[in-house]
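# Inside the fold
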Amino acid sequence: MTCLPNGQMGQLYYGKRIRHRESFGHLLEFAHRDMAPCVYEDDTTFSLEHIKQEYPGFGTGDMRYPAYGIRRENGSRVSSFVYKNHIIQRGKPELPGLPATYVEQDEEAWTLKLYLDDPVAGMELVLFYTIYEKMPVLTRSARFVCRGPEPVCLERAMSLSLDLPDPRYQMVDLTGAWCRERYVDCHGLHQGVQSIHSMRGHSSHQFNPFICLKRPDAGEDSGEVIGISLVYSGNFLAQAEVDTMDTVRVTMGIHPEGFDWPLCPGEKFQTPEAVMVYSGDGLNGMSQVFHQLYRTRLARGYWRDRERPILINNWEATFMDFDEDKILSIADKARELGIELFVLDDGWFGKRDDDTTSLGDWYPDLHKLPDGITGLAGKIRDMGMKFGLWFEPEMVSRDSRLYRAHPDWMLGSTDRPVCTGRHQYVLDFSKDQVVEYIGDRMEEILGDGGVSYVKWDMNRSISDLFSAGRDAQYQGTVYHRQILGVYKLYDRLTRSFPHVLFESCASGGARFDPGILYYAPQGWVSDDTDGVERVKIQYGTSLVYPLSSMGSHVSAIPNHQTQRNVPLAARAAAACFGTFGYELDLNLLAEEEQYQVKEQIRFMKEHRKLIQQGRFYRLISPFEGNEAAWIVVSEDADKAIAAYFRFLQPVNAGFKRLVLKGLNPGIMYRVSGVDYTAYGDELMSAGLILSDGASGVRTSPVPQGDYLSRLFLVEAQP
């Protein structure tokens, strides 16, 4: 970057590391262009409309989308932040009240704080940049400080802006809806604006707060890729603007729609953090950096580096129709098969026999559980398992004690009907008293030490944004304050109960984002537990998120979302590439199926450290055909587990091989599942033979039919 002639900050280059020079100022280009608004009357070559900038504003000649917007008391939106000074320091500062990546030792990173000043508006802008020593990672955020005598209002505050000199990129994003979250979408950039966003009060099923720009020739293992991920769980906007001069401006941050943040003298506003990853080794190279960063320097606490317990959740086994005897029966069978954690899902509190009632009333239903949560948890622990519990802290039912006592704690307009969703409403977490009340109720349940795991659900978007009892100026801050309230409650509970494993959930994957990963080291990837759909969902999720963050279960068939009858082996093969568990009544399985479950659990216990902490490679995309494959490899490349999925049985197909990745070329490996040995270079070039009955191998022992899965354990030979 460089200081421009008018004191604003210009951007010179971002990309592959290049050799150091004392100055890169020669990369800054000026030219006279007709119709260009110029900063100085006597210099027709200096127009910000045609210059790459570091954090562009409005009103000084740049006609593209700005990174920020400030409205002064007189209505002016013109702003100009000029260079004041900068500080370079070791380490990485925290962002007050916000999740962010971190360092454990200051030597891991360098941080630049760039101080800019707008003396007319009385505003200071601090741009934060942290670059990690051993990872191609640059984190960015901005802090606005009102230094002058008059208040201002922030109308837009992006976490980053990045100007690129050409548009020869494809934009990759993760799209979907409930039950098909994070499908991979790829399209070329074109003139105009292409964007993804959420205005639902959370990061959403529809779009994930991530985009990457890749060169058209970039694939999984080669080519230039720039990945950008927002560490935030609320409304966001990510967009790429291609102007008619074929330059690209990428911005990402809090969505400006519904955002209007007043700053009085002395007040500050901090944007969330955006994480930029550069890869010259394709999409896999980008993903592996995100995986390492998010697994070890975003997730935190007791469970960050520990193997996750194998669990069973009663939801698809019982829904809300259960009593203690039914729960203990499922738990006893789970114990017998080797499961380590029993999770009691929705229906244990208030009068919760269906979804029309009791959210907010966090006290046990003694008709279902005569000894309460404490008594049930004790009986589960006596079986030798840990006990987990479901909450939905951010919601309220109209039919509840909480709503009757505090109707003004519900978000929604007081002078018109409020939309309903799943018969529930959103609590106003912009109010500290609401967050404190819910925190007190949850601490009462968790305080006796009987709960080892919390499934934190969120099943409702914000459709009626209004905070009762607040003035008009406050309403533009509610979206952001709402998610700050969620973070505040997460922070309180994770500090009070550091050994409890928190798993985030939001009707599946509606809030599977880096902001929540900071507090909950794993999240429920999707409500769709179908073995076929999960391959697609987990494949897309892996573009950004590590396997250790992916809650993945084996559920009953016919599947409740797709009605497919996927074999137990295939359901488990997909689920084991995550944190792993079951969501069915094990007592209803045949004896042979119970034996399979026992073997699946044994396999997962033996290999979960590799799966959850190894290096992950995508091999075949499920979005491009009838098959999919991936592999996870240990850091020393001595061990790997590969998975191959074929969705529909082909007829009279050709011979088949699977080319592996990440192995040591000079090591001889034994491959179980096909039972032969080969050097790593052979497995990564000639490939692993997969030919079976579909390829005319009549003697193949591989079971044939739709929904085929195969797992291969690849181990170095002594």
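Residues numbered from 1 in each chain as written. Predicted model: local features only at pLDDT ≥ 70, side-chain atom pairs only at ≥ 80, totals over all residues. Heavy atoms only, no water.

This next bit is on the domain arrangement of the chain. Entries for the chain in the domain assignment read domain 1 (63-287), domain 2 (309-612) and domain 3 (618-714). Each of domain 1 and domain 2 has a C-alpha centre, and these two points are 31 Å apart. In this complex, domain 1 contributes 41 residues to the contact, which on the side of domain 2 involves 41 residues. Inspection of the domain 1/domain 2 interface yields zero salt bridges. Across the contact surface, domain 1 and domain 2 share 24 residue pairs in polar contact (both at pLDDT 80 or more). Elements represented by at least two residues in the side of domain 1 that touches domain 2 include exactly strand 9 (170-175), strand 10 (183-188), strand 12 (207-214), strand 13 (225-231), strand 16 (261-263) and helix 1 (282-297). Tallied by class, residues from the side of domain 1 that touches domain 2 come to 21 nonpolar, 13 polar and seven charged. (Domains from an automatic or database assignment. Contact = heavy atoms within 4.5 Å. Salt bridge = Lys/Arg side-chain N within 4 Å of Asp/Glu carboxyl O. Polar contact = N/O pair within 3.5 Å; in protein donor to acceptor, adjacent residues only side chain to side chain. Helix = DSSP H or I, 4+ residues; strand = E, 2+ residues; numbered from the N terminus. Nonpolar A, V, L, I, M, F, W, Y, C, P; charged D, E, K, R; others polar.)

Attention now goes to the sheet that holds strand 34 (residues 668-671). The strand order across the open sheet formed by six strands is 30-31-32-37-34-35, and the pairing between neighbours is antiparallel. The open sheet has two free edges, formed respectively by strand 30 (615-620) and strand 35 (676-679), since each of these has just one partner strand. Neighbouring strand axes in the sheet, compared pairwise and without regard to direction, differ in orientation by 20° on average. Bridging between strand 34 and strand 37 (residues 708-716) involves three bridges; their strand directions are antiparallel. Bridged to R670 within strand 37 is E715. (Pairing = 2+ DSSP bridges. Axes fitted to C-alpha atoms, helices over the stretch in contact; angles between N-to-C directions.)

Glancing now at the environment of L263. Mapping L263 onto the fold places it in strand 16. Put simply, L263 and V152 are 111 residues apart on the chain and 5.4 Å apart in space, counted from C-alpha to C-alpha. Discounting residues that sit within four places of it in the chain, L263 has contacts with M123, F144, C146, P151, V152, L154, K268 and F269.

Okay, the environment of V651 next. Looking at the secondary structure, you find V651 in the loop between strand 32 (639-646) and strand 33 (657-658). Remark: the alpha-carbon pair of V651 and S695, spanning 44 residues in sequence, is separated by 7.8 Å.

Volume-wise, the largest pocket comes out at about 1700 Å³. Forming the boundary of the largest pocket are 41 residues, of which M1, Y13, Y14, I131 and L138 lie nearest the centre. The greatest single-element share of the lining of the largest pocket, amounting to four residues, is contributed by strand 5 (residues 109-118). Class assignment for the residues of the lining of the largest pocket results in 24 nonpolar, nine polar and eight charged. Computed from the structure, the second largest pocket encloses a volume of approximately 970 Å³. Counting residues per element, the ones that place at least two in the lining of the second largest pocket are helix 11 (568-575), helix 12 (591-613) and strand 37. Of all the elements, helix 12 adds the most residues to the lining of the second largest pocket, at seven residues. Looking at the lining of the second largest pocket residue by residue, the classes come out as 20 nonpolar, ten polar and five charged. The residues that make up the lining of the second largest pocket include at least three from each of domain 2 (309-612) and domain 3 (618-714). (1 Å grid on protein atoms, 1.4 Å probe; cavity = no way out; pocket = protein on both sides within 12 Å on 5 of 7 lines; lining within 4 Å. Points joined across faces, edges and corners; volume = space filled by probe spheres on them.)

Right, let's talk about the pairing of strand 25 (residues 501-504) for a bit. Burial along strand 25 is two-sided: the face carrying L501 and E503 and the face carrying F502 and S504 are both buried. For strand 24 (residues 453-456) and strand 25, the ladder comprises four bridges, and the chain directions are parallel. Bridging across to strand 25, W456 finds its partner in S504. (Buried < 20%, exposed > 50% of the residue type's maximum accessible area, 1.4 Å probe, protein only.)

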